[in-house]
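Next come the chains, spelled out residue by residue.
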Amino acid sequence: MKKILVTGALGQIGSELVVALRQGYGVDNVVASDVKMPAARHGDGPFAYVDCTNLGQIREAVRRYEIDTIFHLAALLSAVAEERPQVAWNVNMGGLYRVLEVARESRAAVFFPSSIGAFGPSTPPDSTPQDTTQRPTTMYGVTKVAGELLCDYYAQRFRVDARGVRFPGIISHVVVPGGGTTDYAVDIFYQALRYRHYTCFLEPDTRLDMMYMPDALRAAIEVMEADAEKLAHRNAFNVTAMNLTPDELAAEIRKHIPDFVIDYDVDAVRQAIADSWPNSLDDSAARSEWGWSPTYDIETMTADMLEKLSRKLHLD
Ligand code: AKB
């Protein structure tokens, strides 16, 4: 990776991935791009307006900056994709297809973030294996499975170096996620610090895998840096860091904020999405093929989130 384009760079993962990549690869070698213009100056590096459903705009950014690697993050998340399935198909699949086409033409590598959403109710729910049944029941999941297959196809048919991971819910404090089912695990920290109270839209015992942002950034970068010879899968690696329910996360937060109260007002749509996803993932393929190992667990993530968010919200 020498010249990198990040799509969806103003989103939850993109805004932090751009910073991490610029630290490793140089500010001028990482081009942030999004379909929105940044509100203020977006750091010091280059920014390009790119709508991923527009082949010409992707092609032009890749040509202009001589891009050799694309981190394609632009996509609708699960809850909003369920509200607007036609838009989700257009953005998630149309965007990935065009990115892969430009990568084929320009010999660029592609990172594609899949998700626990690529699994469905007929998938073994506990310690879900790397290779297993994938029959998701959401539009988000349909686009993630189809995206995984399309990446494999472009790798085999056209030798595009397409790689990726299946992310669990991502917890972070810089930019809030927009329209995901696991967003509660971010919202809870803001509300705990501001109001000592959070009303959760998932049931107290909804068990899902999660990951703190620093680990998610490492996963994305490390899979792209991995020795291709050692990769048997290459694309859609299960990765995980911790496993929790809303109730367990609230209990962990209460160790720092003893008067924190959680109650529940369940949103049927997001609960159904969460119930269709695995309880936990087996990430042994990522561990053995490219040395994946998370750093943060629920205790260290919670302590760090509360510290960083208190500072951000001027509550320290
Ligand atoms: C979502 O909730 O939609 C995402 C995901 C798990 O892919 N955070």
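Please read all numbers here as calculations on a predicted model, not as lab measurements. (Residues numbered from 1 in each chain as written. Predicted model: local features only at pLDDT ≥ 70, side-chain atom pairs only at ≥ 80, totals over all residues. Heavy atoms only, no water.)

A. The arrangement of the environment of Leu208 in detail. With respect to the helices, strands and loops of the structure, Leu208 is situated in strand S9 (residues 208–212). Spatially, the C-alpha atoms of Leu208 and Thr245 are 6.6 Å apart, while their sequence positions differ by 37 residues. Apart from residues lying up to four places away in sequence, Leu208 is in contact with Ile116, Thr182, Leu202, Met242, Asn243, Leu244, Ala274, Trp277, Pro278 and Asn279. (Helix = DSSP H or I, 4+ residues; strand = E, 2+ residues; numbered from the N terminus. Contact = heavy atoms within 4.5 Å.)

B. Region of the structure containing the packing of helix H4 (residues 85–106) against helix H5 (residues 139–158). One can describe the packing of H4 onto H5 by two numbers: an axis separation of 10 Å at closest approach and a directional angle of 15°. The angle between the axes of H4 and H5 places the two elements in the roughly parallel class. With respect to the hand of their crossing, H4 and H5 are arranged in right-handed fashion. The residues of H5 that touch H4, namely those facing Pro85, Ala88, Trp89, Asn92, Met93, Leu96, Tyr97, Leu100, Glu101 and Arg104, are Met139, Tyr140, Val142, Thr143, Ala146, Gly147, Leu150, Cys151, Tyr154 and Phe158. Partitioned by chemical class, the residues of the contact of H4 with H5 number 15 nonpolar, three polar and two charged. (Axes fitted to C-alpha atoms, helices over the stretch in contact; angles between N-to-C directions. Parallel < 35°, antiparallel > 145°, perpendicular 65-115°, else oblique. Left-handed = near helix turned anticlockwise from the far one by under 90°. Nonpolar A, V, L, I, M, F, W, Y, C, P; charged D, E, K, R; others polar.)

C. The arrangement of the site of the ligand in detail. Around the ligand lies a shell formed by Leu77, Ser78, Ser115, Ile116, Tyr140, Gly180, Thr181, Thr182 and Trp277. Contact between the ligand and Tyr140: an oxygen atom at 2.6 Å from a side-chain N or O atom of the residue. In the model, an oxygen atom of the ligand is placed 2.7 Å from a nitrogen or oxygen of the Thr181 main chain. In isolation the ligand has 260 Å² of accessible area, and contact with the protein removes 94% of it. Grouping the amino acids of the shell around the ligand by side-chain chemistry returns four nonpolar, five polar and no charged. Counting the residues that make up the shell around the ligand, at least three belong to each of domain 1 (4–169 + 211–238) and domain 2 (170–209 + 242–278 + 297–312). (Near = heavy atom within 4 Å. Polar contact = N/O pair within 3.5 Å; in protein donor to acceptor, adjacent residues only side chain to side chain. Areas by Shrake-Rupley, 256 points an atom, 1.4 Å probe, with all protein chains shown as cover. Domains from an automatic or database assignment.)

D. Geometry of a nonpolar patch on the surface. Among the surface-exposed residues, Val35, Met37 and Tyr49 lie close enough to one another that they form a single nonpolar patch of about 310 Å² accessible area. Inspection of the secondary structure assignment puts Val35 in the loop between strand S2 (30–34) and strand S3 (47–49). Judged by its relative accessible area of 44%, Val35 is partly exposed. (Patch = residues over 30% accessible without salt bridge, like charges linked within 9 Å, V, L, I, M, F, W, Y side chains within 5 Å. Salt bridge = Lys/Arg side-chain N within 4 Å of Asp/Glu carboxyl O. Buried < 20%, exposed > 50% of the residue type's maximum accessible area, 1.4 Å probe, protein only.)

E. Just the side chain of Arg166, in detail. Looking at the secondary structure, you find Arg166 in strand S6 (residues 162–167). Polar side-chain contacts of Arg166 include one of 2.7 Å to the side chain of Glu148. A polar side-chain atom of Arg166 sits 3.4 Å from the main-chain carbonyl oxygen of Ala236. In this structure Arg166 touches Ser114, Ser115, Phe119, Gln130, Gln134, Glu148, Ala236, Phe237, Asn238, Val239 and Leu281, once residues within four positions along its chain are discounted.

F. Quick look at the packing of aromatic side chains. Under the definition given, this model contains nine aromatic pairs. Ring geometry for Tyr154 and Phe158: centres 5.0 Å apart, planes at 55°, overall tilted. Taken as a pair, Tyr154 and Phe158 lie in helix H5 at a separation of four residues, close to a single helical turn. Residue Tyr154 is classed as buried on the basis of its relative accessible area of 3%. Ring geometry for Phe237 and Trp290: centres 5.7 Å apart, planes at 75°, overall edge-to-face. (Phe/Tyr/Trp six-rings, centres within 6.5 Å; stacked < 30°, edge-to-face > 60°.)

That's the geometry; what it means functionally is another story.
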